[in-house]
Amino acid sequence: ATSSQSVYRATTTAPVNIAVIKYWGKRDTTLNLPTNSSLSVTLSQRSLRTLTTASCSSIYPAEDTLNLNGKPQDIQSSKRTLACFFPLRIVSENNFPTAAGLASSAAGFAALVRAVADLYQLPQSPNELSRIARQGSGSACRSLMGGYVAWRTGELADGSDSLAEEVAPASHWPEMRALVLVVSAEKKDVPSTEGMQTTVNTSDLFATRAQSVVPERMSAIEAAIQARDFPKFAEITMRDSNTFHATCLDSWPPIFYMNDVSRAAVRLVHDINTAVGKTVAAYTFDAGPNAVIYYEEKDSELVAGTVKAILGANTIGWEGAFYERLANVT
Ligand code: 2P0
């Protein structure tokens, strides 16, 4: 092919991140600015990841296209996708269920922004790219970095200081493990964007969570991560998941993301911790019934083994029921 017919391509992957301090609520829906800061653990890309190729060529038709999981997508009607776009052809694939509360939009928009930045060889740092990814999906800004990542709510009206930053690399706490329990691969009933605005507009508990509960938890969990204090990290993680789901229940009409299997996982984790007399496991749930259980490698047999033995029959998967991940990004 002559150079005028060349196709320029960049392929990248981005990981899923699972929040331990949850993002829920926007103070600006256009710029996608959150009402509170959040903090997450980035999972390894060995299984839960988005693979995206961005390409451009003079031989392509003028229109931008996006193909997700083998199907052409209607991007012209999706303002959030267009906000991240140049004239391009994008092909993206998740190796896990899309929109099932497994952070597919986080990995998806992070991979999209990174692929486009790589294609055009843009000099921006991951922190700067996080500002773009945030406008696709809030949680996506935290998937541009590995390890422990905070998304600072920021104070400026234009959102320029609402960015993600690495709190600690994965190598800081190499014993950390995450077990992803796939309870359902169905698309969630209430999409996050819609659910969080219902909560912002109707829940009485919400303001307390955003204004006083979360800021204290952010400092406390950052200190726990720096000190590799698993019991502290675990308690804050479990409490924040519970508070987030409490504001969902307090919304009007109420929003339910957890189901009976999710609640069985909560009880089981508390039973394990009570039985051994210390906190060795922590659960967290996003906008869906699937559980992520954090534990340390030394407790793998006890935690992952017990959870698999007791809840294995109640979980489903797309390649088996369990997905064990190191919180390491390559
Ligand atoms: C989080 N979640 O911090 C929280 C916890 C779900 C529960 O971020 O509207 O898909 O696209 O900015 O990022 C899911 O919400 O929402 C989410 P948008 P997003 O991970």
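Here the structure is a predicted model, which is why all the values come from computation and not from measurement.

A. Inspection of the packing of helix 7 (residues 260-276) against helix 8 (residues 300-311) at higher detail. Put simply, helix 7 and helix 8 touch, their axes get as near as 11 Å, and they point 140° apart. Taken together, helix 7 and helix 8 sit at an angle that is classed as oblique. For the crossing formed where helix 7 meets helix 8, the hand is right-handed. Of helix 8, the residues touching helix 7 (which contributes Val261, Ala264, Ala265, Leu268, Ile272 and Val276) are Leu302, Val303, Thr306, Val307, Ile310 and Leu311.

B. View of the site of the ligand. With respect to spatial proximity, 14 residues lie near the ligand, and among them Ala19, Ser137, Gly138, Ser139 and Ser192 are the closest. Residues of the shell around the ligand, tallied by class, amount to four nonpolar, eight polar and two charged. Structurally, the shell around the ligand is a two-domain feature, drawing no fewer than three residues from each of domain 1 (3-168) and domain 2 (176-326).

C. Spotlight on the confidence of the model for the chain. When the pLDDT values of the chain are averaged, the result is 89; 92% of them are 70 or greater. Residue range residues 317-330 is modelled with pLDDT below 50. Its contacts to residues more than four positions away, or to other chains, number 44 contacts. Scoring of the predicted complex yields 0.88 for pTM and 0.96 for ipTM.

D. Region of interest: the packing of helix 2 (residues 104-119) against helix 3 (residues 126-136). For the pair helix 2 and helix 3, the least separation of the axes is 9 Å and the interaxial angle reads 135°. By the angle between their directions, the pair helix 2 and helix 3 is classed as oblique. Relative to helix 3, the crossing made by helix 2 is right-handed. Only Leu129, Ile132, Ala133 and Gly136 of helix 3 make contact with helix 2, whose side of the interface consists of Phe109, Ala110, Leu112, Val113, Arg114 and Ala117. For the contact of helix 2 with helix 3, a count of residues per class yields eight nonpolar, one polar and one charged.

Parameters at a glance
- The numbering scheme is per chain: residues are counted from 1 as the chain's sequence reads.
- Residue-level local features of this predicted model are given only where pLDDT is at least 70; pairs of side-chain atoms are given and counted only at 80 or more, and the full residue set underlies all totals for whole chains, interfaces and linings.
- Every angle, taken between N-to-C directions, lies between 0 and 180 degrees, and every axis is a line fitted to C-alpha atoms, over only the stretch in contact when it is a helix.
- Each helix is a run of H or I in the DSSP string that is no shorter than four residues. Each strand is a run of E no shorter than two, and both are numbered from the N terminus.
- Geometric relationships in this document are graded by angle, where less than 35 degrees denotes roughly parallel, more than 145 denotes roughly antiparallel, 65 to 115 denotes roughly perpendicular, and other angles denote oblique.
- Less than a right angle of anticlockwise turn of the near helix away from the far helix marks a crossing as left-handed, whereas a clockwise turn marks it as right-handed.
- The contact criterion used here is simple: two residues whose C-beta atoms, placed from the backbone, lie within 7 Å are in contact.
- Residues are classed as near a molecule or strand if the C-beta position derived from their backbone is within 6 Å of it.
- For this classification, Asp, Glu, Lys and Arg are treated as charged, while Ala, Val, Leu, Ile, Met, Phe, Trp, Tyr, Cys and Pro are nonpolar and the rest, including Gly, are polar.
- Here the bounds of each domain stem from an automatic or database domain assignment.
- pLDDT measures how confident the predictor is about each residue, on a scale from 0 to 100.

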